[in-house]
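Chains, contacts and geometry: an overview
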Amino acid sequence: MHIVEKKIRLVDVDLVELFGLQESHLQLIENKFDTAITVRGDTIILRGESAEVKTIEMIVSELVNTVRRNHKLSLTDVSTIIDLVHGGRAGTAASGNGDDLDSVILWGKKEVIRARTPKQLEYYKKAQANDIVFCIGPAGTGKTFLAVAMALSALRANEISRIILSRPAVEAGESLGFLPGDIAEKVDPYLRPLLDALSDMVTPEKLKSMIDRRVVEIVPLAYMRGRTLNNSFIILDEAQNSTKIQMKMFLTRLGQNSKAIVTGDVTQVDLVKKHDSGLVNVFQLFQNIRGIEFVEFDKSDVVRHRLVMEIVAAYERDEIRRENPPRKGFVADDLSAERSE
(Lines give C-alpha, C1' and ligand atoms only; values in the text may rest on other atoms or scores of the structure.)
Protein backbone atom coordinates (compact mmCIF):
# COMPACT_ATOMS: atom_id res chain seq x y z
CA MET A 1 0.00 0.00 0.00
CA HIS A 2 1.43 3.35 -1.09
CA ILE A 3 0.57 6.10 1.44
CA VAL A 4 0.58 9.68 0.14
CA GLU A 5 -0.27 13.11 1.55
CA LYS A 6 -2.15 15.62 -0.57
CA LYS A 7 -3.06 19.24 0.23
CA ILE A 8 -6.09 20.80 -1.47
CA ARG A 9 -6.30 24.59 -1.18
CA LEU A 10 -9.85 25.92 -1.48
CA VAL A 11 -10.26 29.22 -3.33
CA ASP A 12 -13.39 31.27 -4.03
CA VAL A 13 -15.83 28.93 -2.23
CA ASP A 14 -18.01 29.25 0.88
CA LEU A 15 -16.13 27.02 3.34
CA VAL A 16 -19.00 26.90 5.86
CA GLU A 17 -21.36 25.62 3.17
CA LEU A 18 -18.74 23.24 1.77
CA PHE A 19 -17.74 21.66 5.07
CA GLY A 20 -21.24 21.60 6.59
CA LEU A 21 -22.32 22.15 10.18
CA GLN A 22 -19.51 20.93 12.47
CA GLU A 23 -17.74 19.63 9.33
CA SER A 24 -20.53 17.06 8.82
CA HIS A 25 -19.93 16.91 5.07
CA LEU A 26 -16.27 16.06 5.50
CA GLN A 27 -17.12 13.53 8.20
CA LEU A 28 -19.50 11.79 5.80
CA ILE A 29 -16.64 11.46 3.30
CA GLU A 30 -14.18 10.22 5.91
CA ASN A 31 -16.67 7.61 7.16
CA LYS A 32 -16.74 6.11 3.65
CA PHE A 33 -12.96 5.85 3.23
CA ASP A 34 -9.81 4.88 5.13
CA THR A 35 -8.06 8.15 4.25
CA ALA A 36 -7.52 10.63 7.10
CA ILE A 37 -8.96 14.10 6.38
CA THR A 38 -7.70 17.19 8.23
CA VAL A 39 -8.77 20.81 7.77
CA ARG A 40 -6.40 23.72 8.40
CA GLY A 41 -7.95 27.05 7.46
CA ASP A 42 -8.72 26.95 3.74
CA THR A 43 -6.72 23.77 3.14
CA ILE A 44 -7.83 20.13 3.24
CA ILE A 45 -5.06 17.62 3.95
CA LEU A 46 -5.58 14.03 2.78
CA ARG A 47 -3.37 11.19 3.99
CA GLY A 48 -3.99 7.69 2.75
CA GLU A 49 -3.61 5.18 -0.05
CA SER A 50 -2.80 6.85 -3.37
CA ALA A 51 -5.83 5.69 -5.39
CA GLU A 52 -8.24 6.55 -2.60
CA VAL A 53 -6.75 10.03 -2.17
CA LYS A 54 -7.31 10.66 -5.89
CA THR A 55 -10.95 9.56 -5.53
CA ILE A 56 -11.49 11.98 -2.64
CA GLU A 57 -9.83 14.78 -4.63
CA MET A 58 -12.45 14.20 -7.33
CA ILE A 59 -15.25 14.21 -4.76
CA VAL A 60 -14.03 17.48 -3.23
CA SER A 61 -13.77 19.03 -6.68
CA GLU A 62 -17.40 18.09 -7.44
CA LEU A 63 -18.54 19.45 -4.05
CA VAL A 64 -16.76 22.75 -4.68
CA ASN A 65 -18.39 23.06 -8.13
CA THR A 66 -21.81 22.32 -6.59
CA VAL A 67 -21.40 25.02 -3.93
CA ARG A 68 -20.25 27.56 -6.52
CA ARG A 69 -23.17 26.70 -8.78
CA ASN A 70 -26.02 26.35 -6.25
CA HIS A 71 -24.61 28.34 -3.29
CA LYS A 72 -25.68 25.52 -0.98
CA LEU A 73 -24.83 21.89 -0.24
CA SER A 74 -26.85 19.27 1.66
CA LEU A 75 -25.86 15.90 3.13
CA THR A 76 -27.94 14.28 0.38
CA ASP A 77 -25.88 16.13 -2.23
CA VAL A 78 -22.67 14.93 -0.60
CA SER A 79 -23.88 11.30 -0.47
CA THR A 80 -24.96 11.41 -4.11
CA ILE A 81 -21.62 12.82 -5.28
CA ILE A 82 -19.70 10.22 -3.24
CA ASP A 83 -21.73 7.41 -4.82
CA LEU A 84 -21.31 8.80 -8.34
CA VAL A 85 -17.54 9.24 -8.04
CA HIS A 86 -16.79 6.20 -5.88
CA GLY A 87 -18.82 3.90 -8.13
CA GLY A 88 -20.29 1.17 -5.93
CA ARG A 89 -17.35 -0.63 -4.38
CA ALA A 90 -19.48 -3.31 -2.72
CA GLY A 91 -21.22 -4.39 -5.92
CA THR A 92 -17.94 -4.67 -7.80
CA ALA A 93 -16.29 -6.75 -5.09
CA ALA A 94 -19.22 -9.10 -4.77
CA SER A 95 -19.59 -9.71 -8.50
CA GLY A 96 -16.03 -10.95 -8.70
CA ASN A 97 -16.36 -13.83 -6.25
CA GLY A 98 -20.09 -14.52 -5.92
CA ASP A 99 -19.99 -14.40 -2.10
CA ASP A 100 -23.24 -14.01 -0.17
CA LEU A 101 -23.58 -10.30 0.54
CA ASP A 102 -25.97 -10.98 3.44
CA SER A 103 -23.02 -12.10 5.55
CA VAL A 104 -20.78 -9.11 4.72
CA ILE A 105 -20.45 -6.76 7.69
CA LEU A 106 -17.64 -4.42 6.59
CA TRP A 107 -15.29 -3.87 3.67
CA GLY A 108 -12.09 -3.62 5.73
CA LYS A 109 -8.74 -2.15 4.79
CA LYS A 110 -7.32 -5.59 3.90
CA GLU A 111 -10.24 -7.98 3.56
CA VAL A 112 -13.99 -8.36 3.69
CA ILE A 113 -15.21 -8.89 7.25
CA ARG A 114 -18.16 -11.26 7.25
CA ALA A 115 -20.10 -13.63 9.49
CA ARG A 116 -18.32 -16.98 9.20
CA THR A 117 -20.65 -19.25 11.18
CA PRO A 118 -24.48 -19.49 11.39
CA LYS A 119 -24.36 -18.13 14.93
CA GLN A 120 -22.23 -15.15 13.86
CA LEU A 121 -24.78 -14.41 11.12
CA GLU A 122 -27.54 -14.55 13.74
CA TYR A 123 -25.49 -12.10 15.85
CA TYR A 124 -25.21 -9.70 12.90
CA LYS A 125 -28.91 -9.89 12.03
CA LYS A 126 -30.02 -9.35 15.64
CA ALA A 127 -27.71 -6.35 15.97
CA GLN A 128 -29.26 -4.85 12.84
CA ALA A 129 -32.81 -5.36 14.09
CA ASN A 130 -32.45 -4.45 17.78
CA ASP A 131 -31.07 -1.59 19.87
CA ILE A 132 -29.43 -3.76 22.56
CA VAL A 133 -27.78 -7.14 21.97
CA PHE A 134 -26.01 -9.29 24.56
CA CYS A 135 -23.44 -11.65 23.03
CA ILE A 136 -22.04 -14.32 25.33
CA GLY A 137 -19.45 -16.94 24.46
CA PRO A 138 -15.90 -18.25 24.87
CA ALA A 139 -12.68 -16.65 23.62
CA GLY A 140 -12.08 -16.65 19.87
CA THR A 141 -15.71 -16.57 18.71
CA GLY A 142 -15.48 -13.05 17.29
CA LYS A 143 -17.78 -11.35 19.81
CA THR A 144 -15.77 -8.14 20.08
CA PHE A 145 -14.24 -8.12 16.61
CA LEU A 146 -17.61 -8.38 14.87
CA ALA A 147 -19.15 -5.78 17.19
CA VAL A 148 -16.44 -3.29 16.21
CA ALA A 149 -16.98 -4.13 12.52
CA MET A 150 -20.72 -3.54 12.90
CA ALA A 151 -20.05 -0.19 14.58
CA LEU A 152 -17.73 0.94 11.78
CA SER A 153 -20.26 -0.19 9.17
CA ALA A 154 -22.99 1.89 10.88
CA LEU A 155 -20.64 4.89 10.98
CA ARG A 156 -19.79 4.61 7.29
CA ALA A 157 -23.49 4.39 6.45
CA ASN A 158 -24.06 7.59 8.45
CA GLU A 159 -26.51 5.75 10.74
CA ILE A 160 -24.64 7.02 13.81
CA SER A 161 -22.09 9.78 14.39
CA ARG A 162 -19.70 8.19 16.90
CA ILE A 163 -18.49 4.91 18.34
CA ILE A 164 -18.01 4.41 22.08
CA LEU A 165 -15.89 1.43 23.17
CA SER A 166 -15.71 0.53 26.85
CA ARG A 167 -14.46 -2.14 29.24
CA PRO A 168 -14.55 -2.59 33.01
CA ALA A 169 -11.03 -2.13 34.39
CA VAL A 170 -11.16 -5.31 36.48
CA GLU A 171 -9.08 -8.27 35.41
CA ALA A 172 -7.00 -10.90 37.15
CA GLY A 173 -7.43 -9.18 40.51
CA GLU A 174 -5.45 -6.06 39.55
CA SER A 175 -6.42 -2.57 40.68
CA LEU A 176 -5.81 0.59 38.64
CA GLY A 177 -4.61 2.43 41.70
CA PHE A 178 -1.62 0.12 42.05
CA LEU A 179 -0.54 0.30 38.41
CA PRO A 180 2.21 2.77 37.38
CA GLY A 181 1.69 5.83 35.16
CA ASP A 182 -1.06 8.35 34.48
CA ILE A 183 -4.67 7.37 33.82
CA ALA A 184 -4.08 6.79 30.09
CA GLU A 185 -1.19 4.44 30.84
CA LYS A 186 -3.17 2.68 33.58
CA VAL A 187 -6.16 1.83 31.40
CA ASP A 188 -4.24 1.06 28.18
CA PRO A 189 -3.77 -2.68 28.97
CA TYR A 190 -7.52 -3.05 29.51
CA LEU A 191 -8.57 -1.17 26.38
CA ARG A 192 -5.83 -2.42 24.07
CA PRO A 193 -7.92 -5.32 22.62
CA LEU A 194 -10.49 -2.81 21.39
CA LEU A 195 -7.77 -0.75 19.72
CA ASP A 196 -6.34 -3.91 18.17
CA ALA A 197 -9.72 -4.72 16.62
CA LEU A 198 -10.00 -1.21 15.18
CA SER A 199 -6.44 -1.35 13.87
CA ASP A 200 -7.32 -4.45 11.86
CA MET A 201 -10.06 -2.54 10.06
CA VAL A 202 -8.77 1.00 9.44
CA THR A 203 -5.38 2.51 8.70
CA PRO A 204 -3.31 4.02 11.54
CA GLU A 205 -3.76 7.50 10.07
CA LYS A 206 -7.54 7.11 9.89
CA LEU A 207 -7.75 5.68 13.41
CA LYS A 208 -5.72 8.57 14.86
CA SER A 209 -7.94 11.07 13.06
CA MET A 210 -11.11 9.40 14.35
CA ILE A 211 -9.84 9.39 17.93
CA ASP A 212 -8.60 12.99 17.72
CA ARG A 213 -12.03 14.13 16.48
CA ARG A 214 -13.76 11.97 19.12
CA VAL A 215 -15.63 10.07 16.45
CA VAL A 216 -14.21 7.06 18.28
CA GLU A 217 -13.94 7.11 22.07
CA ILE A 218 -12.31 4.34 24.10
CA VAL A 219 -13.09 4.74 27.80
CA PRO A 220 -13.13 2.66 30.99
CA LEU A 221 -16.64 1.73 32.13
CA ALA A 222 -16.34 3.83 35.29
CA TYR A 223 -15.99 6.98 33.17
CA MET A 224 -19.40 6.46 31.51
CA ARG A 225 -21.40 7.64 34.52
CA GLY A 226 -23.53 10.74 34.00
CA ARG A 227 -23.41 10.69 30.19
CA THR A 228 -26.28 10.42 27.69
CA LEU A 229 -25.05 8.93 24.44
CA ASN A 230 -27.13 9.96 21.42
CA ASN A 231 -26.45 8.91 17.80
CA SER A 232 -23.87 6.41 19.05
CA PHE A 233 -22.87 2.78 18.64
CA ILE A 234 -21.76 1.68 22.11
CA ILE A 235 -19.84 -1.52 22.85
CA LEU A 236 -19.21 -2.90 26.34
CA ASP A 237 -16.56 -5.61 26.16
CA GLU A 238 -15.64 -8.16 28.87
CA ALA A 239 -18.97 -7.35 30.51
CA GLN A 240 -18.78 -10.38 32.81
CA ASN A 241 -16.47 -8.21 34.94
CA SER A 242 -19.05 -5.46 35.37
CA THR A 243 -21.13 -5.43 38.55
CA LYS A 244 -24.93 -5.31 38.53
CA ILE A 245 -24.79 -1.60 39.40
CA GLN A 246 -22.27 -0.90 36.62
CA MET A 247 -24.37 -2.80 34.09
CA LYS A 248 -27.44 -0.75 35.01
CA MET A 249 -25.38 2.44 34.74
CA PHE A 250 -24.08 1.44 31.30
CA LEU A 251 -27.42 0.42 29.82
CA THR A 252 -29.11 3.61 31.00
CA ARG A 253 -26.57 5.72 29.07
CA LEU A 254 -28.37 4.78 25.84
CA GLY A 255 -29.75 7.88 24.11
CA GLN A 256 -31.77 8.62 20.98
CA ASN A 257 -30.78 6.79 17.78
CA SER A 258 -28.19 4.67 19.59
CA LYS A 259 -27.34 0.98 19.71
CA ALA A 260 -25.47 -1.04 22.33
CA ILE A 261 -23.71 -4.39 22.10
CA VAL A 262 -22.59 -6.08 25.31
CA THR A 263 -20.08 -8.94 25.03
CA GLY A 264 -18.54 -11.27 27.55
CA ASP A 265 -17.81 -14.80 28.76
CA VAL A 266 -19.75 -15.78 31.88
CA THR A 267 -17.24 -18.56 32.61
CA GLN A 268 -14.41 -16.01 33.02
CA VAL A 269 -15.66 -13.72 35.80
CA ASP A 270 -12.76 -11.98 37.61
CA LEU A 271 -14.89 -10.28 40.27
CA VAL A 272 -14.29 -11.30 43.89
CA LYS A 273 -17.94 -12.33 44.17
CA LYS A 274 -18.79 -14.00 40.88
CA HIS A 275 -22.54 -13.86 41.49
CA ASP A 276 -22.27 -10.04 41.41
CA SER A 277 -21.61 -10.12 37.64
CA GLY A 278 -23.97 -7.79 35.79
CA LEU A 279 -23.77 -9.95 32.66
CA VAL A 280 -25.07 -13.03 34.50
CA ASN A 281 -27.87 -10.96 36.01
CA VAL A 282 -29.27 -9.66 32.68
CA PHE A 283 -30.47 -13.14 31.65
CA GLN A 284 -33.01 -13.02 34.46
CA LEU A 285 -34.04 -9.40 33.92
CA PHE A 286 -34.43 -8.81 30.18
CA GLN A 287 -36.07 -11.87 28.68
CA ASN A 288 -38.97 -11.07 26.32
CA ILE A 289 -38.29 -7.32 26.22
CA ARG A 290 -38.79 -5.98 22.71
CA GLY A 291 -35.60 -4.44 21.29
CA ILE A 292 -33.28 -6.54 23.49
CA GLU A 293 -31.85 -9.80 22.16
CA PHE A 294 -29.37 -12.45 23.31
CA VAL A 295 -26.86 -14.47 21.29
CA GLU A 296 -24.90 -17.36 22.80
CA PHE A 297 -21.77 -18.72 21.10
CA ASP A 298 -20.11 -22.04 21.88
CA LYS A 299 -16.82 -23.68 20.94
CA SER A 300 -18.09 -24.51 17.43
CA ASP A 301 -18.07 -20.76 16.70
CA VAL A 302 -14.37 -20.30 17.48
CA VAL A 303 -12.66 -18.73 14.46
CA ARG A 304 -9.13 -18.25 15.81
CA HIS A 305 -6.34 -20.82 15.62
CA ARG A 306 -7.56 -24.44 15.53
CA LEU A 307 -6.06 -25.05 18.97
CA VAL A 308 -8.26 -22.39 20.56
CA MET A 309 -11.31 -24.60 19.97
CA GLU A 310 -9.49 -27.54 21.55
CA ILE A 311 -8.43 -25.42 24.54
CA VAL A 312 -11.99 -24.18 25.11
CA ALA A 313 -13.29 -27.76 24.91
CA ALA A 314 -10.67 -28.97 27.43
CA TYR A 315 -11.69 -26.29 29.94
CA GLU A 316 -15.35 -27.17 29.45
CA ARG A 317 -14.62 -30.83 30.22
CA ASP A 318 -12.67 -29.83 33.32
CA GLU A 319 -15.55 -27.63 34.49
CA ILE A 320 -17.97 -30.55 34.10
CA ARG A 321 -15.64 -32.83 36.08
CA ARG A 322 -15.39 -30.32 38.93
CA GLU A 323 -19.15 -29.82 39.04
CA ASN A 324 -19.73 -33.60 39.02
CA PRO A 325 -16.91 -35.17 41.07
CA PRO A 326 -16.57 -38.98 40.99
CA ARG A 327 -18.17 -40.98 43.80
CA LYS A 328 -15.91 -41.94 46.69
CA GLY A 329 -13.89 -45.04 45.80
CA PHE A 330 -14.63 -44.63 42.08
CA VAL A 331 -11.02 -43.85 41.10
CA ALA A 332 -9.63 -46.63 43.30
CA ASP A 333 -12.06 -49.15 41.84
CA ASP A 334 -11.04 -48.14 38.33
CA LEU A 335 -7.36 -48.51 39.18
CA SER A 336 -7.97 -51.96 40.69
CA ALA A 337 -9.83 -53.02 37.58
CA GLU A 338 -6.94 -51.82 35.40
CA ARG A 339 -4.38 -53.72 37.50
CA SER A 340 -6.43 -56.93 37.36
CA GLU A 341 -6.49 -56.72 33.58
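Since the structure is predicted, the reported quantities are computational estimates derived from the model, not experimental observations. (Residues numbered from 1 in each chain as written. Predicted model: local features only at pLDDT ≥ 70, side-chain atom pairs only at ≥ 80, totals over all residues. Heavy atoms only, no water.)

**Here we look at the sheet that holds strand 3 (residues 43-49)**
Pairing within the open sheet is antiparallel, and its three strands lie in the order 1-3-2. Two strands bound the open sheet, and with one partner strand each, they are strand 1 (3-9) and strand 2 (36-40). Adjacent strand axes in the sheet meet at a mean angle of 15°, parallel and antiparallel pairs treated alike. In this sheet, strand 3 lies alongside strand 2 in antiparallel orientation, the contact comprising five bridges. Of the residues in strand 3, the one forming a bridge with Val39 is Ile44. Sheet contacts for helix 3 (residues 50-70): strand 1, strand 2 and strand 3; angle to strand 3, the most-contacted strand, approximately 150°. (Pairing = 2+ DSSP bridges. Helix = DSSP H or I, 4+ residues; strand = E, 2+ residues; numbered from the N terminus. Axes fitted to C-alpha atoms, helices over the stretch in contact; angles between N-to-C directions. Contact = heavy atoms within 4.5 Å.)

**What to know about the packing of helix 3 against helix 4 (residues 75-86)**
At a closest axis distance of 10 Å, the pairing of helix 3 and helix 4 adopts a crossing angle of 140°. It follows that helix 3 is oblique to helix 4 by the angle criterion. Note on packing geometry: the crossing formed by helix 3 with helix 4 is right-handed. Contact residues: helix 3 offers Thr55, Met58, Ile59, Glu62, Leu63 and Thr66, while helix 4 offers Val78, Ile81, Ile82, Val85 and His86. (Parallel < 35°, antiparallel > 145°, perpendicular 65-115°, else oblique. Left-handed = near helix turned anticlockwise from the far one by under 90°.)

**Some thoughts on the sheet that holds strand 9 (residues 232-236)**
Strand-to-strand pairing in sheets goes through backbone hydrogen bonds, with the strands running parallel or antiparallel. Spatial strand order, 8-7-9-10-6-11: six strands in an open sheet with parallel pairing. Either end of the sheet is taken by a strand with one partner, and the two such strands are strand 8 (216-220) and strand 11 (292-296). Across the sheet, the mean angle from the axis of one strand to that of its neighbour is 15°, orientation sign disregarded. In the sheet, strand 6 (residues 132-136) pairs with strand 10 (residues 259-264) via five bridges, with the strands oriented parallel. Residue pairing for strand 10: Val133 is matched across the bridge by Ile261. In the packing of helix 6 (residues 118-129) onto the sheet, contacts are made with strand 6, strand 10 and strand 11, and the angle to strand 11 comes to roughly 170°. Strand contacts of helix 11 (residues 278-285): strand 6, strand 10 and strand 11, with the helix running at about 120° to strand 6, the strand carrying the most contacts.

**Description of the pattern of salt bridges**
Taken as a whole and judged by the stated rule, the model has 15 salt bridges. One salt bridge connects Arg156 with Asp34, and the closest N-O pair in it is separated by 2.9 Å. Of the two residues, Arg156 is situated in helix 7 (residues 143-156) and Asp34 in the loop between helix 2 (24-32) and strand 2; the sequence distance between them amounts to 122 residues. For Arg167, the salt bridge is made with Asp237, and the minimal N-O distance between the two is 2.8 Å. With a gap of 70 residues between them, Arg167 in strand 7 (residues 162-167) and Asp237 in the loop between strand 9 and helix 10 (244-251) connect regions that are remote in the sequence. (Salt bridge = Lys/Arg side-chain N within 4 Å of Asp/Glu carboxyl O.)

**Structural notes on the pairing of strand 7**
Burial analysis of strand 7 places six of its six residues in the buried class, which makes it a mostly covered element. What you see with strand 7 is no split at all: Arg162, Ile164 and Ser166 on one side and Ile163, Leu165 and Arg167 on the other are buried throughout. Bridge count between strand 7 and strand 9: five bridges; the pairing is parallel. Residue pairing for strand 9: Ile163 is matched across the bridge by Phe233. As paired elements, strand 7 and strand 8 share five bridges and run parallel to each other. Residue pairing across strands places Ile163 opposite Val216, the latter belonging to strand 8. (Buried < 20%, exposed > 50% of the residue type's maximum accessible area, 1.4 Å probe, protein only.)

**As for the nonpolar core**
Counting 36 residues, the largest nonpolar core has Tyr123, Met150 and Leu152 as its most contacted members. For this core, the elements supplying multiple residues, two or more each, are strand 4 (104-107), helix 6, strand 6, helix 7, strand 7, helix 8 (183-199), helix 9 (204-212) and strand 9. Broken down by element, this core gets its largest block of residues, nine residues, from helix 7. When neighbours within four sequence positions are excluded, Leu152 is seen to be in contact with Leu106, Ile163, Leu198, Met201, Val202 and Met210. (Core = buried A, V, L, I, M, F, W, Y, C linked by side-chain atoms within 4.5 Å.)

**Points about the packing of aromatic side chains**
Applying the stated criterion across every chain, the model contains four aromatic pairs. Judged by centre distance (5.1 Å) and plane angle (25°), the ring pair of Phe283 and Phe294 falls under stacked. Taken together, the residues span a long stretch of sequence, with Phe283 in helix 11 and Phe294 in strand 11 at a distance of 11 residues. Residue Phe283 is classed as partly exposed on the basis of its relative accessible area of 22%. Ring pairing ties together the aromatic residues Phe134, Phe283, Phe286 and Phe294, which thus form one cluster. (Phe/Tyr/Trp six-rings, centres within 6.5 Å; stacked < 30°, edge-to-face > 60°.)

**Some remarks on helix 10**
Listed in full, the buried residues belonging to helix 10 are Met247, Met249, Phe250 and Leu251. The inward-facing, buried residues of helix 10 contact strand 6, strand 9, strand 10 and helix 11.

**Considering the environment of Asn130**
Inspection of the secondary structure puts Asn130 in the loop between helix 6 and strand 6. In sequence terms Asn130 and Ile292 are 162 residues apart; their C-alpha atoms lie 6.1 Å from each other. Setting aside residues no more than four positions away along its own chain, Asn130 makes contact with Lys259, Gly291, Ile292 and Glu293. Engagement of the side chain of Asn130 in a polar contact is seen with the backbone oxygen of Lys126, the distance being 2.9 Å. (Polar contact = N/O pair within 3.5 Å; in protein donor to acceptor, adjacent residues only side chain to side chain.)

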